[in-house]
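Observations on the three-dimensional arrangement
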Amino acid sequence: EDKVVQSPLSLVVHEGDTVTLNCSYEVTNFRSLLWYKQEKKAPTFLFMLTSSGIEKKSGRLSSILDKKELFSILNITATQTGDSAIYLCAPSNAGNMLTFGGGTRLMVKP
Amino acid sequence: DTGVSQNPRHKITKRGQNVTFRCDPISEHNRLYWYRQTLGQGPEFLTYFQNEAQLEKSRLLSDRFSAERPKGSFSTLEIQRTEQGDSAMYLCASSPRVGAEAFFGQGTRLTVV
């Protein structure tokens, strides 16, 4: 059975801190790994990673995938209160079906 | 086109009633997915369509659940004889092709009382 584990479950930091969120997975017919940010309603897309070792970057966020060790990390530098959200990791299989982890709840305090 | 649209946004129903939700995907996205999310959990896959064909269904999708996408555009998800355990957020997502990222709608929050 496909399995996705995210850690930590929750995290409280202060503005300006750097955080690292972890995702380990076991998925049959793995195709890619996606990260989403969920605030109140819909998960919003952050990154899609298909190749090992290539960092994707968007502003203060970056992510990398290790297909040999079956994990990914999401880094956020210089955190802001607007980064407070649940971050979801979701590997996809050949059919584009996403298997979501339980998420990491990040709270950034002023 | 402003993204994936779901209706209604909220639905409260009595146990035993039938409910139907609608999802309008992003225009020209041929893949459409339904997920269910309960409090404190990540979304769980229910089913997906490529155009009008339903290609995969999760074992979470009991006989009381049925989904359609009759013309390969919008989709409906119907739950018959609702139970309290069906209370959840039902999310729809679409993507333009295999291997592309999926974009989610705002969801329909169902409460069964």
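Okay, so let's go over this structure. (Residues numbered from 1 in each chain as written. Chains lettered and ligands numbered in written order. Predicted model: local features only at pLDDT ≥ 70, side-chain atom pairs only at ≥ 80, totals over all residues. Heavy atoms only, no water.)

Here we look at the overall build of chain B
- For chain B, the count of helices and strands is zero helices and eleven strands.
- For 113 residues, the compact-globule formula gives about 13 Å, and the C-alpha radius of gyration of chain B, at 13 Å, lands near that figure.
- Dimensions along the principal axes, computed over C-alpha positions, put chain B at roughly 40 × 25 × 25 Å.
- Taken across its 113 residues, chain B has 44% of its residues classed as buried.
- Intrachain contacts of chain B at a sequence separation of at least 6 include 53% that bridge at least 24 residues. (Helix = DSSP H or I, 4+ residues; strand = E, 2+ residues; numbered from the N terminus. Rg over C-alpha atoms; globule rule 2.2 N^0.38 Å. Buried < 20%, exposed > 50% of the residue type's maximum accessible area, 1.4 Å probe, protein only. Contact = heavy atoms within 4.5 Å.)

Brief notes about the state of the cysteines
Residue and element names in this part refer to chain B.
- One pass over the structure, following the stated rule, counts two disulfides over all chains.
- Note on cysteine connectivity: C23 is disulfide-linked to C92, with sulfurs 1.9 Å apart. Negative torsions about the S-S bond denote left-handed disulfides, and the value of about -70° found for C23 with C92 makes this one left-handed. Of this pair, C23 sits in strand β3 (residues 19-24) while C92 sits in strand β9 (residues 88-95), and the two are 69 residues apart along the sequence.
- According to the relative accessible area criterion, C92 is buried, its value standing at 0%. (Disulfide = S-S within 2.5 Å.)

Worth remembering: the numbers are spatial, not functional.
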